[in-house]
Amino acid sequence: MRPSLVAWLFVAMVAPASAAALRDDFGEQALAQEMARRPVVLLGEVHDNAAQHATRAAALRRLLAGGNRPAIAFEQFDREQQADIDRARRETPPAGRTLAEHVIETARPARGWNWPLYRPFVELALEYELPIVAANLSRADAMRVAAEGFGAVFDQPTRTRFALDALLPALLAAHEKAVDDGHCNRMPADSLPALARAQIARDLALAQAIRPYLASGVVLLTGNGHVRRDIGVPFFLGEAQRAQVIAIGLLESGRVEPGAAQHFDVAFATPAQQRDDPCATIPLRR
């Protein structure tokens, strides 16, 4: 790894984020004001939190009404679906279907996403004629990285550019902890390195997807883990590019780990979604 790259990666890992505390003024006006601060908005979420999605959509509409015209990048669309999205938005939807519904159905998104929560963002992109960016690494490719390493998906120039074959142990360890925490600290220890590689690969894919829009502006809709400035998407942007980014974490009240706000430029406490205990279905670690 080149010495200059080592130094940059080290700074990326240890530089403190600007957020000092969790904010309690979550709402469309406060969120829109923060989104307007930088051209590149990494807008976090808890995927099933309906209150977060509603406020994010309202804040985005307010941002667009003010004249901003960013691309809208979706973790919920895999990058292979871009051509289908572009084609569908030029077509007349079938009878009884809106154009947003036609775009989503044509793209055949991966299972597991609650599309009624994301459809308002597709509708806004269509209404304001904004680019819709399919940003995520597919589940199949993520599984290939987990099983075979980064070379299964990324070519040698990409692996060299981002030093994927010699990642800092601190980055890998941080991702392993994040994956384990996200699975109630019940994952078998020997499975964590592979899962961490998959998560890192997703961060890089998301960063690559938004790169063409960094100058003109982009809002990336994605999970809070991908938004983290220390180990998420910003890790794979250059120093000058990182300066154009605002990373906004939306963290559920009563479920915030100590110190979590420091991973973002801005972190809001939001209403918590009522759900069954996610740990109940995960076997205890042996």
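This report concerns the structure included in the present document.

Conventions and cut-offs
- Residues numbered from 1 in each chain as written.
- Predicted model: local features only at pLDDT ≥ 70, side-chain atom pairs only at ≥ 80, totals over all residues.
- Heavy atoms only, no water.
- Pairing = 2+ DSSP bridges.
- Helix = DSSP H or I, 4+ residues; strand = E, 2+ residues; numbered from the N terminus.
- Axes fitted to C-alpha atoms, helices over the stretch in contact; angles between N-to-C directions.
- Core = buried A, V, L, I, M, F, W, Y, C linked by side-chain atoms within 4.5 Å.
- Buried < 20%, exposed > 50% of the residue type's maximum accessible area, 1.4 Å probe, protein only.
- Contact = heavy atoms within 4.5 Å.
- Arc of directions from axis to C-beta.
- Phe/Tyr/Trp six-rings, centres within 6.5 Å; stacked < 30°, edge-to-face > 60°.

## Points about the sheet that holds strand 4 (residues 218-221)
No. 1: Pairing in this open sheet of six strands is parallel, and the strands run 3-2-4-1-5-6 from one edge to the other. A single partner strand is all that each edge strand has here, and the edge strands are strand 3 (132-136) and strand 6 (266-270). Across the sheet, the axes of successive neighbouring strands diverge by a mean angle of 25 degrees, strand direction being ignored.
No. 2: In this sheet, strand 4 lies alongside strand 2 (residues 71-78) in parallel orientation, the contact comprising four bridges.

## Some points on the nonpolar core
No. 1: Counting residues in each nonpolar core, the largest one holds 42 residues, and the members touching the most others are L42, F150, L164, I210, L220 and F236.
No. 2: When residues of this core are traced back to their parent elements, those giving at least two are strand 1 (40-43), strand 2, strand 3, helix 7 (139-148), helix 10 (192-210), strand 4 and strand 5 (245-252).
No. 3: Examining the composition of this core, we find that nine residues originate from one element, helix 10, more than from any other.
No. 4: Not counting residues up to four positions away in its chain, the partners in contact with L164 are F150, F154, R159, L204 and F236.
No. 5: With 40 residues, the next largest nonpolar core counts M35, L60, F74 and Y118 among its residues.

## Digging into helix 7
No. 1: Looking at helix 7, one finds that the buried residues are D141, A142, V145 and A146. Angularly, the buried residues of helix 7 cover 145 degrees about the axis, an arc narrow enough to put them on a single face. Pointing more than 90 degrees away from the buried face of helix 7 are the exposed residues R139, A147 and E148.
No. 2: For helix 7, the elements touching its buried residues are helix 10.
No. 3: Backbone geometry just downstream of helix 7 places G149 in the positive-phi region, at approximately 100 degrees.

## Regarding the packing of aromatic side chains
No. 1: The full count for this structure, using the stated rule, is seven aromatic pairs.
No. 2: Measuring from centroid to centroid gives 5.3 Å for F74 and F77, while their planes differ by 65 degrees, and the two rings are edge-to-face.
No. 3: Judged by centre distance (4.8 Å) and plane angle (35 degrees), the ring pair of F77 and W115 falls under tilted. One end of the pair, F77, is in strand 2; the other, W115, is in helix 6 (residues 115-127), with 38 residues separating them in the sequence.
No. 4: Three or more aromatic residues link up through ring pairs in this structure, and these residues are F74, F77, W113, W115 and Y118.

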